[in-house]
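Report on the structure
Chain by chain, the residues:
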Amino acid sequence: MTAPPARPLTVAAVQAQPVPGDVAGNAGAAARLVARAEGARVVVLPELFLPAYHPPTLGADPDATDVAADADGRVTDARLDPLRSAAADAGAAVVIGAAVRHPDRRRTISSLVVDPAGTVTAAYDKQQLWSGERELFDAGRRGATIEVDTWRLGLGVCYDGCFPEHARAAAGDGAHGYLCPSGYLAGSAHRRDLYYAARALDNTMYVVFANSVGGTDPWRFNGGAAVYDPEGRPLARGADTGEDVLVAMLDPDALAATRAAHTMLLDRPLDAGADRAVLVA
């Protein structure tokens, strides 16, 4: 495990309703939401927030809904200029969901990171695609971690967080926290609230969970954005409806104390039981 960070980190988890297909308008809305996250050094917005998580629109007009990344992952789309300005004004790293076209023609569900200098990078491509996403997108090929003020923060997107191995890989790489832009539909509140609290406790790390909210069936989303402490308890939690910006502080002393008391990361076996006995009773 890496040493605890040197000082606390203020983060924000956002729940909001983007407009399908309106990348420029949604970038402007994201800029407004970042400005609301007063004091946050990291602001996390939902999965596919820029084009909105609306498969009919994503499938009908990819040229309008997608942003292009170069070979280094840089995104220069002018529609994101308001978001660049908001990140600079706030001095924040903004993590936001996008549909990304890569030079090798891959299309991915990605987390863009907008840094305070205005650089936009397609930092992580979703590795675990859910259901019909496989008809529109390609799976990511590797994990990713960002570092902010000595905090190492693993990146995941929605369905990634349903797999314990994904967050564990981030923790194994020294992550102190796990950032998950997501799109959970109405009716999934039990799983939404269970998965990310469990990933926090599994790995004794903070989890920042953002989610879309509102929309029209069958693409209606259920909010519940949250920041979880390293034991899986919510430090901040949004309602199932309505826009919200949830600000919380990640405490390195609490992280260290939790990891000292709950030593799963140190005790985890390299082989979790490949050799098994079978008993017929």
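A brief structural summary. Note that the coordinates shown come from a computational prediction; the quantities given were computed from them, not determined experimentally.

Criteria and cut-off values
Residues numbered from 1 in each chain as written. Predicted model: local features only at pLDDT ≥ 70, side-chain atom pairs only at ≥ 80, totals over all residues. Heavy atoms only, no water. Phe/Tyr/Trp six-rings, centres within 6.5 Å; stacked < 30°, edge-to-face > 60°. Helix = DSSP H or I, 4+ residues; strand = E, 2+ residues; numbered from the N terminus. Buried < 20%, exposed > 50% of the residue type's maximum accessible area, 1.4 Å probe, protein only. Axes fitted to C-alpha atoms, helices over the stretch in contact; angles between N-to-C directions. Parallel < 35°, antiparallel > 145°, perpendicular 65-115°, else oblique. Contact = heavy atoms within 4.5 Å. Nonpolar A, V, L, I, M, F, W, Y, C, P; charged D, E, K, R; others polar. Expected span 1.5 Å × (residues − 1). Arc of directions from axis to C-beta.

For the rest of this paragraph, the subject is the packing of aromatic side chains. Throughout the structure, instances matching the rule amount to eight aromatic pairs. Ring geometry for tyrosine 184 versus phenylalanine 209: centroids 5.9 Å apart, planes at 70°, classification edge-to-face. Within this pair, whereas tyrosine 184 is found in the loop between strand S9 (177-182) and helix H6 (189-203), its partner phenylalanine 209 is found in strand S10 (residues 206-216), the two being separated by 25 residues in sequence. Residue classification places tyrosine 184 among the buried residues on the basis of a relative accessible area of 4%. Joined through ring pairs, the aromatic side chains of Tyr184, Tyr195, Tyr196 and Phe209 make up one cluster.

It is at 8 Å that the axes of helix H1 (residues 23-36) and helix H4 (residues 81-90) come closest, and there the two elements cross at 10°. By the criterion of interaxial angle, the relationship of H1 to H4 is roughly parallel. Each of Ala27, Gly28, Ala30, Ala31 and Val34 in H1 lies in contact with H4, whose residues at this interface are Pro82, Leu83, Ala86 and Ala90. When grouped by side-chain class, the residues that make up the contact of H1 with H4 number eight nonpolar, one polar and no charged.

In a regular helix each residue adds 1.5 Å, so 14 residues correspond to 20 Å; H1 covers 20 Å between its end C-alpha atoms and thus fits that length. Those residues of H1 that fall on the buried side of the exposure criterion are Val23, Asn26, Ala27, Ala30, Ala31, Leu33 and Val34. The buried residues of H1 occupy one face: seen down the axis, they fall within an arc of 165°. Of the surrounding secondary structure, the elements contacted by the buried residues of H1 are strand S1 (9-16), strand S2 (42-44), helix H3 (62-65), H4, strand S4 (93-101) and strand S14 (244-250).

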